[in-house]
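What follows is the residue order along each chain.
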Amino acid sequence: FARTNGDQLRRIGLAYHVGLDRLVARYPDLLAAVSGDRHMAGIQFHEAAAAAAFCHALETDHGIDTSTQAYKPSAPPTALTKLPLIADEVTLDVLLDRMDTVLAGLRTAAPTPASAR
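Residues numbered from 1 in each chain as written. Predicted model: local features only at pLDDT ≥ 70, side-chain atom pairs only at ≥ 80, totals over all residues. Heavy atoms only, no water.

Thoughts on the pattern of salt bridges
Under the criterion given, the structure shown has 4 salt bridges. Across the pair Arg 11 and Glu 89 runs a salt bridge whose closest N-O atoms are separated by 3.0 Å. Taken together, the residues Arg 11 in helix H1 (residues 6–26) and Glu 89 in helix H3 (residues 89–109) connect sequence positions 78 residues apart. A relative accessible area of 37% places Glu 89 in the partly exposed class. A salt bridge links Asp 29 to Arg 107, with the shortest nitrogen-to-oxygen separation between them at 2.8 Å. A residue pair is termed long-range when its members are at least 10 positions apart, and Asp 29 in the loop between H1 and strand S1 (31–37) and Arg 107 in helix H3 qualify at 78 residues. For Asp 29, a relative accessible area of 44% puts it in the partly exposed group. (Salt bridge = Lys/Arg side-chain N within 4 Å of Asp/Glu carboxyl O. Helix = DSSP H or I, 4+ residues; strand = E, 2+ residues; numbered from the N terminus. Buried < 20%, exposed > 50% of the residue type's maximum accessible area, 1.4 Å probe, protein only.)

Written out as structure tokens, the structure is:
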């Protein structure tokens, strides 16, 4: 599949990374950066609890398997994703939409810091 669909893999992988960058821009209070590249990308969070809640909600509410890297003190808490090679534009749109939904829910559920009151 990879040999015969290289152009599609590059296009989808790049679009995925761009979509993740847009989520970081939309949720700077929760997200710090995108790490990795294309199909193997991670979303870095400011707080480990938010990364864990994100992955949990994606799996339990939307059936999307991700994992949280929050155990290394030298690395930021990160939601690790592995986009399937067979993913297409529709898959990508659904995935990014569900991620956006979960992030919006995390933002709504987050307590207001004392300094902002």
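After presenting the structure, the write-up continues.
Overview of the packing of aromatic side chains
By the definition in use, this model includes 1 aromatic pair. Pairing Phe 45 with Phe 54 gives two aromatic rings, centres 5.3 Å apart and planes at 50°, and the pair type is tilted. There is no split in this pair, since Phe 45 and Phe 54 are both buried. (Phe/Tyr/Trp six-rings, centres within 6.5 Å; stacked < 30°, edge-to-face > 60°.)

Quick look at the sheet that holds strand S3 (residues 67–69)
Taking strand neighbours across the sheet as the criterion, the 4 strands line up as S1-S2-S4-S3 in an open arrangement whose pairing is antiparallel. The sheet terminates laterally at S1 and S3, the two strands that pair on one side only. This sheet shows a mean twist of 25° between the axes of neighbouring strands, independent of strand direction. Most of the contacts of H1 go to S1, to which it runs at about 170°, and overall it touches S1 and strand S2 (40–45). (Pairing = 2+ DSSP bridges. Axes fitted to C-alpha atoms, helices over the stretch in contact; angles between N-to-C directions. Contact = heavy atoms within 4.5 Å.)

A few points about unusual backbone geometry
A positive phi is found at Arg 38, a non-glycine position, where the angle reads about 50°. Note on placement: Arg 38 falls in the loop between S1 and S2.

Details of the side chain of Thr 66
As for its placement among the helices and strands, Thr 66 is situated in the loop between helix H2 (48–62) and S3. Residues in contact with Thr 66, not counting those within four places in the same chain, are Cys 55, Leu 58, Leu 80 and Thr 81.

Quick word on the packing of H1 against H3
At a minimum axis distance of 11 Å, the contact between H1 and H3 shows a crossing angle of 15°. One element, H1, and the other, H3, form an angle in the roughly parallel class. Relative to H3, H1 is oriented so that their crossing is right-handed. Together, Arg 11, Ile 12, Ala 15, Tyr 16, Gly 19, Leu 20, Leu 23 and Arg 26 of H1 and Glu 89, Leu 92, Leu 95, Leu 96, Met 99, Asp 100, Leu 103 and Arg 107 of H3 make up the contact between the two elements. (Parallel < 35°, antiparallel > 145°, perpendicular 65-115°, else oblique. Left-handed = near helix turned anticlockwise from the far one by under 90°.)

By themselves these figures say nothing about function.
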